[in-house]
Amino acid sequence: MKKIIAAVLAIMMTLTVSLAFAKIVEPDGSDLEHFAGKTIHASVGNYNADDKTFTVTVYDNDRYDDDDVEKLAVGDMVVAGGYLYTITGEQDVDGTRIFLCDVGEEIYFEKAYDNDDDLICRSTFDDRIFMNVVTVLHLPVAEDIVYEDNSDPDLDAKPVIARGLDAILKAQAEKEENSIGFDYYATTVTINENMEMVKIHQDFDVSQ
């Protein structure tokens with residue numbers, strides 16, 4: 001009996017070690033390991049009860065080369081947020097180059113907060129950063145998943161915390177009915193090393 005118990009414990013320890021050091025085998029170029037253990041901007045969509053996953057659309061900031069932006073002139077085009085903008089004019093506002101576009105948009109560039117080698121693009125109207133879709137994932141949730149709602153415009157308000165899948169599904173339904181849902185611009189998702197969602201965080205957004 002002792003030998004059987006010892007064998008079972010050995011198997012359990014082996015499985016635990018295997019999970020702790022699990023590798024991700026993925027298609028070339030997908031770079032999923034880049035998301036493991038990270039917090040990302042994402043829209044959290046439908047929950048599939050059959051396979052117990054959320055559909056998560058991952059976004060990243062549009063990124064630009066400093067030299068390319070420096071050479072922009074009237075008549076050139078910029079792709080931002082998936083849209084094509086033609087530059088019709090330029091203004092200097094407190095040392096910042098503002099590019100006027102054919103559809104009434106006004107954009108400007110600044111250093112990316114996470115990489116000094118890149119520039120990001122913003123709209124002058126609401127300071128939104130232009131982003132692009134990176135990939136769509138179907139992610140399981142960790143047992144202790146948390147939703148952190150920090151969308152109250154009152155800066156002194158404390159975040160509202162919901163714990164567990166059922167509470168999060170309820171909060172998501174309310175947000176989709178009354179607001180913008182779990183939209184990528186105001187929503188981040190934290191993923192653990194096993195590619196499970198451990199936290200959904202939502203900030204205030206002007207469109208909510």
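Quick notes on the rules
- Chains are numbered independently. Their residues run from 1 in the order of the written sequence.
- Restriction of local features to residues with pLDDT of at least 70 applies here, the model being predicted, together with a cutoff of 80 or more for giving and counting side-chain atom pairs; totals for whole chains, interfaces and linings are based on all residues.
- Hydrogens and water molecules were not included; the side-chain quantities draw on all heavy atoms of the structure.
- Centre distance within 6.5 Å is the pairing criterion for rings of Phe, Tyr and Trp, where only the six-membered ring of Trp is used; planes under 30 degrees apart are then read as stacked, over 60 as edge-to-face, and the remainder as tilted.
- Numbering of helices and strands starts at the N terminus; helices are DSSP runs of H or I of at least 4 residues and strands are runs of E of at least 2.
- Categorising residues by exposure relies on relative accessible area from a 1.4 Å probe, with only protein chains included: less than 20% of the type maximum marks a residue as buried, more than 50% marks it as exposed, and the intermediate range marks it as partly exposed.
- Only heavy atoms enter the contact rule, under which two residues are in contact if any of them lie within 4.5 Å.
- A helix is expected to span 1.5 Å multiplied by its residue count minus one.
- Each C-beta atom gives one direction from the helix axis, and the arc is the one those directions make.
- Buried residues of nine kinds, namely Ala, Val, Leu, Ile, Met, Phe, Trp, Tyr and Cys, make up a nonpolar core once their side-chain atoms join them within 4.5 Å.

How should I be thinking about the packing of aromatic side chains in this particular structure?
Tallied over the full model, the rule gives seven aromatic pairs. Look at Phe99 and Phe109: their rings are 5.9 Å apart centre to centre, the planes differ by 75°, and that puts the pair in the edge-to-face class. Taken as a pair, Phe99 in strand 5 (residues 96-101) and Phe109 in strand 6 (residues 106-112) lie far apart in primary sequence, 10 residues in all. For the pair Phe99 and Phe109, a shared accessibility class is recorded, and that class is buried. When the ring of Tyr184 is compared with that of Tyr185, the centres are 6.3 Å apart and the planes differ by 80°; the resulting orientation is edge-to-face.

What am I meant to see in the environment of Ala80 here?
With respect to the helices and strands, Ala80 occurs in strand 3 (residues 77-80). Residues Ala80 and Ile120, spaced 40 residues apart in sequence, show a C-alpha to C-alpha distance of 9.5 Å. Each residue touching Ala80, except ones within four places of it in the same chain, is listed here: Asp62, Tyr64, Tyr85, Cys121 and Phe130.

Hey, could you run me through helix 3 (residues 165-178) in this one?
Residue pairs three or four apart in sequence face the same way in an α-helix, which turns once every 3.6 residues. Spanning 14 residues, helix 3 covers 20 Å between terminal C-alpha atoms, matching the ideal 20 Å at 1.5 Å per step. When helix 3 is considered as a whole, its buried residues turn out to be Ile168, Ala171, Gln172 and Lys175. Seen from one end, helix 3 has its buried residues packed into an arc of 105°, which puts them on one side. Residues of helix 3 that are exposed and point more than 90 degrees away from the buried face comprise Asp166, Lys170, Glu177 and Asn178. Along its buried surface, helix 3 packs onto strand 1 (39-48), strand 2 (53-61), strand 8 (131-150), strand 9 (160-163) and strand 11 (197-203).

What exactly am I supposed to notice about unusual backbone geometry here?
As a rule of thumb, non-glycine residues mostly have phi less than zero, and peptide bonds are mostly trans rather than cis. With phi around 60°, Lys52 is a residue other than glycine that occupies positive phi space. One non-glycine residue, Asp127, adopts positive backbone phi at about 65°. Residue placement: Asp127 occurs in the loop between strand 7 (115-123) and strand 8.

I would appreciate a short explanation of the environment of Pro159 in the present structure.
Mapping Pro159 onto the fold places it in the loop between strand 8 and strand 9. Considered as a pair, Pro159 and His201 are 42 residues apart in the sequence and their alpha carbons are 9.4 Å apart. Other than its neighbours up to four places away in sequence, Pro159 contacts Glu148, Asp149 and Asn150.

I would appreciate a short explanation of the nonpolar core in the present structure.
One recurring pattern in soluble globular proteins is that nonpolar side chains are buried together. Counting residues in each nonpolar core, the largest one holds 22 residues, and the members touching the most others are Met197 and Ile200. Those elements that provide at least two residues to this core are strand 1, strand 2, strand 8, helix 3, strand 10 (187-191) and strand 11. Sorting elements by how many residues they give to this core places strand 8 first, with five residues. By size, the runner-up hydrophobic cluster in this structure holds 14 residues, among which are Tyr64, Leu72, Ile107 and Cys121.

The values are spatial; any link to function lies outside them.
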